[in-house]
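# Working through the structure, step by step
These are the residues of each chain, in order.
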Amino acid sequence: QVELVESGGGLVQAGGSLRLSCVASGRSISNYGMGWFYQVPGKEREFVAGLTRSGGTTYYSDSAKGRFTISRDNAKNTVYLQMNSLKPEDTPVYYCTAVAGFESYRDAKMYPYWGQGTQVTVSS
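The paragraphs below set out a description of the structure included in this document. Model, not experiment: these values are computed from the prediction.

Now for the sheet that holds strand 7 (residues 68–73). Ordered in space as 1-3-8-7, the four strands form an open sheet in which the pairing is antiparallel. Taken across any chain shown, the strands that pair with only one partner, and hence form the sheet edges, are strand 1 (3–7) and strand 7. Mean inter-strand twist for the sheet, computed between neighbouring axes without regard to direction, equals 15°. Where strand 7 lies against strand 8 (residues 78–83), six bridges are found, and the strand directions are antiparallel. Residue pairing across strands places Phe 68 opposite Met 83, the latter belonging to strand 8.

As for its placement among the helices and strands, Ser 61 is situated in the loop between strand 6 (58–60) and strand 7. At 3.1 Å, the side chain of Ser 61 forms a polar contact with the backbone nitrogen of Ala 64. Contacts of Ser 61, omitting those with residues within four sequence positions, involve Phe 47, Val 48 and Arg 106.

Take the packing of aromatic side chains next. Two aromatic rings are characterised by how far apart their centres lie and by the angle between their planes. Scanning the entire structure with this criterion turns up eight aromatic pairs. With a centroid separation of 6.0 Å and 80° between ring planes, the pair formed by Tyr 32 and Tyr 113 is classed as edge-to-face. Taken together, the residues span a long stretch of sequence, with Tyr 32 in strand 4 (residues 32–39) and Tyr 113 in strand 10 (residues 113–114) at a distance of 81 residues. On the numbers, 5.3 Å between centres and 65° between planes, the contact of Phe 37 with Trp 114 is edge-to-face. A residue pair is termed long-range when its members are at least 10 positions apart, and Phe 37 in strand 4 and Trp 114 in strand 10 qualify at 77 residues. The class of Trp 114 is partly exposed, set by a relative accessible area of 22%.

Basis of the calculations
Residues numbered from 1 in each chain as written. Predicted model: local features only at pLDDT ≥ 70, side-chain atom pairs only at ≥ 80, totals over all residues. Heavy atoms only, no water. Pairing = 2+ DSSP bridges. Helix = DSSP H or I, 4+ residues; strand = E, 2+ residues; numbered from the N terminus. Axes fitted to C-alpha atoms, helices over the stretch in contact; angles between N-to-C directions. Polar contact = N/O pair within 3.5 Å; in protein donor to acceptor, adjacent residues only side chain to side chain. Contact = heavy atoms within 4.5 Å. Phe/Tyr/Trp six-rings, centres within 6.5 Å; stacked < 30°, edge-to-face > 60°. Buried < 20%, exposed > 50% of the residue type's maximum accessible area, 1.4 Å probe, protein only.

Shown next as structure tokens:
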């Protein structure tokens, strides 16, 4: 079983940048497809970005495309989400997630492993 811990959230002004990190323990992330989701209170988790096990294919939501970059460093067992040009609507809690196998998915139900989340607040 893999355990995930996110960090890097915080308060930033609109137009600024943040880099979220997700450190895994228990298993090597080289065996997992990885993803980032966000969640607004009272709503379901929504897909932000995904990365296949090899790192060769990435997926982004329409909102994240062109602004966010997902990457992985298997040697550090860490996945990153670089977020640029942040907007106030990018504000919710961000979660790192993993699924065994090659692929990464846009559906939160496909992921059995989740971190505790890190809060991002973008002020206007």
